[in-house]
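Observations on the model geometry
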Amino acid sequence: MKALFLYPILLFLCFQNLHATIELTCPAEDIEIQGNPNNMATMIWTPPMVETDCTDGFQLQQVRGPELGTEVFIGRYYIEYEAFEVCNPDEKVTCGFIIEATSTRPQDQFIQQEFPEELSSISKVIDINNDGALDIVGSLNNGNLVWYENEGENNWTLHLISTEYSNATVVDLDEDGDQDYIVSFPKNSSHEGLGILINDNNQNYSFKLIYDGFEFSFLESSVGNVQILDVDNDGLLDIQFNAVFEGFTGCSNCFESRHYVAFHDGNFNYSRKTIVEKDYFRYTDNGKLNGGDFDSDGDIDFVFSYVDPDDDIRLIRNNGNRVFGSYPNEAIDATDDINRIVISDLDEDGDLDIYGNRTNVLNYFSNDGAGNFILKAVPNERTLPGIPNLDYDNDGRMDLVRGFSWYENLSNLDFFEHVISDDLDDH
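First things first, this report covers the structure right here in the doc. Keep in mind it's a predicted model, so treat the numbers as computed, not measured.

A separate point is the overall build of the protein. The number of helices and strands found in the protein is one helix and 31 strands. Only carbon and sulfur atoms are counted for the fraction: they give 48% of the accessible area of the protein, which is about 22000 Å².

The next point concerns the nonpolar core. Among the nonpolar cores identified, the biggest contains 20 residues, and Leu173, Leu194, Ile196, Tyr211, Ile239 and Tyr270 are the most heavily contacted of them. Those elements giving two or more residues to this core turn out to be strand S15 (193-199), strand S16 (205-211), strand S18 (238-246) and strand S19 (255-264). Looking at this core element by element, the count peaks at four residues for S18. Aside from chain neighbours lying at most four places away, what touches Leu194 is Ile182, Val183, Ser184, Phe185, Leu209, Ile210, Tyr211, Val223, Val226, Ile239 and Phe241.

On to the sheet that holds strand S30 (residues 405-411), then. Strand pairing in a sheet relies on backbone hydrogen bonds. The paired strands run either parallel or antiparallel. Strand order across the open sheet formed by three strands is S29-S30-S31, with antiparallel pairing between neighbours. On the outer flanks of this sheet lie strand S29 (400-402) and strand S31 (414-419), each paired with one strand and no other. Taking the axes of each pair of neighbouring strands and ignoring which way they run, one obtains an average angle of 25° across the sheet. Relative to S31, S30 runs antiparallel, the two being bridged by six bridges. Its bridge partner being in S31, Ser405 is matched across the sheet by Val419.

Further remarks concern the state of the cysteines. Simply put, the disulfide is a covalent bond whose two ends are the sulfur atoms of two cysteines. Going through the model one piece at a time under the given rule, you end up with two disulfides. In this model Cys26 forms its disulfide with Cys95; the gap between the sulfur atoms is 1.9 Å. Because the torsion about its S-S bond is 65°, the bridge between Cys26 and Cys95 counts as right-handed. Highlighted residues: Cys26 in the loop between strand S1 (22-25) and strand S2 (31-34) and Cys95 in strand S8 (residues 88-102), separated in sequence by 69 residues. One exposure class covers both Cys26 and Cys95, and it is buried.

With that settled, the discussion passes to the side chain of Asp238. Along the polypeptide, Asp238 turns up in strand S18. As a buried residue without a salt bridge, Asp238 has its nearest oppositely charged side chain in Arg322, at a separation of 5.4 Å. Within the structure, Asp238 has its side chain in polar contact with the backbone nitrogen of His264 (distance 2.7 Å).

Before going further, it helps to examine the packing of aromatic side chains. Across all of its chains, the model carries 14 aromatic pairs by this definition. Each member of the aromatic cluster is reached from another via a ring pair, and the members are Trp45, Tyr81 and Phe97. Over the ring of Phe84 we find Lys92; its NZ or CZ atom is 5.3 Å from the centre of that ring. Looking at Arg272, its charged tip hangs above the ring of Tyr260, at a distance of 4.8 Å from the centre.

Once that is clear, we can look at unusual backbone geometry. Unusually for a residue other than glycine, Asn39 sits at a positive phi of about 65°. Mapping Asn39 onto the fold places it in the loop between S2 and strand S3 (40-42). You can call Asn39 buried: its relative accessible area is 6%. For Asn130, which is not a glycine, the phi torsion comes out positive at approximately 55°. The class of Asn130 is exposed, set by a relative accessible area of 53%.

What the rule picks out here adds up to six salt bridges. Close ionic contact of Asp232 with Arg322 constitutes a salt bridge, the shortest N to O distance being 3.0 Å. A residue pair is termed long-range when its members are at least 10 positions apart, and Asp232 in the loop between strand S17 (220-229) and S18 and Arg322 in the loop between strand S23 (312-316) and strand S24 (330-334) qualify at 90 residues. Note that Asp265 is salt-bridged to Arg322, the shortest N-O span being 2.9 Å. In this pair, Asp265 is assigned in the loop between S19 and strand S20 (270-280) and Arg322 in the loop between S23 and S24, connecting sequence segments 57 residues apart. Judged by its relative accessible area of 43%, Asp265 falls in the partly exposed class. Residues joined by salt bridges that share partners form a network here, namely Asp30, Arg76 and Glu100.

Cut-offs used in this document
Residues numbered from 1 in each chain as written. Predicted model: local features only at pLDDT ≥ 70, side-chain atom pairs only at ≥ 80, totals over all residues. Heavy atoms only, no water. Helix = DSSP H or I, 4+ residues; strand = E, 2+ residues; numbered from the N terminus. Areas by Shrake-Rupley, 256 points an atom, 1.4 Å probe, with all protein chains shown as cover. Core = buried A, V, L, I, M, F, W, Y, C linked by side-chain atoms within 4.5 Å. Buried < 20%, exposed > 50% of the residue type's maximum accessible area, 1.4 Å probe, protein only. Contact = heavy atoms within 4.5 Å. Pairing = 2+ DSSP bridges. Axes fitted to C-alpha atoms, helices over the stretch in contact; angles between N-to-C directions. Disulfide = S-S within 2.5 Å. Lys, Arg positive; Asp, Glu negative; His and termini not counted. Salt bridge = Lys/Arg side-chain N within 4 Å of Asp/Glu carboxyl O. Polar contact = N/O pair within 3.5 Å; in protein donor to acceptor, adjacent residues only side chain to side chain. Phe/Tyr/Trp six-rings, centres within 6.5 Å; stacked < 30°, edge-to-face > 60°. Lys NZ or Arg CZ within 6 Å of the ring centre and 35° of its normal.

Okay, structure coming up:
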């Protein structure tokens, strides 16, 4: 009779455990860890709190990010934990947080320089007149295209390039030792075109038309996302750009984007070819084509992403002789919230991989060298501080300038923040 009396009590305890609840609480804010002057830091933090009424206890384990106590490069790391009750192991809870590992390396010193006339945008910092000093090409608030000559000791002289053209891409297209300018025109127009200001080695310019902006005269158009690449591998620099059209009757939010390559045939003669033409509902600059040799055949292919309607990353293969795969082409990824893509050899195996930059993205697409991609975890669960946009320190790696800081690219996913100033005027 005693055993019969205990049996229902044991059943009651098991029933209680099966319905136990568990809560896992991670830090609500980013955790900052101070490293050393060599840009290394030891990962130290307090594990998240677990609350449960399961009488058999719980198990807590880290499932993402560098482990507690390991030494890592300075930077941002995403840490994720998982917990479950012993009495109910199939129901798991997770939480995550960001570790910001900082360095004690001394910051570079910068001096704020005021120009006689304020620049609204900077196109490029480059030695325009070949005197060994870096000059600045940009646009004034009135839209005029100018360059500031660096006279040394923070003395700058303003030179006008054009009052008609703006948004310059600076490049020596004919490789004659001076800088030419790929420009949009005319200023403040609803039909924006693209052309070249050809430098005669003495800062005198002649204009060459690439695209007149009137492909659809009844639609407004704008041009952008200019890239300079030898797309057809003939030793001449070509121009890749896109045009966006809007103003469709009865659809105020509808856009069409077309991506072109202007092939350089020599002596500044160009033939234009459409690579992608696509209708979509909401335009963002995510539609930029990103050029690179993804299949290791020696010519330039393109990958790109769109927010709507496909939410995907696509590969356009260059088949040679200026022939490209048609859109829609090979889908690399179909997912939500792609916010620009980064092209880099992330796994350092000699080919170009793809990072789809979005909130807490911790995966990338690894290239097998032939343009076939496999989804993999980012090494050490790193997150990028932004899109690398220029080689600031001329070491062959793309750095990032954002806000009032520049981020030094120490390796493919390791960045060190250099604070330019905490009190610069916001221009």
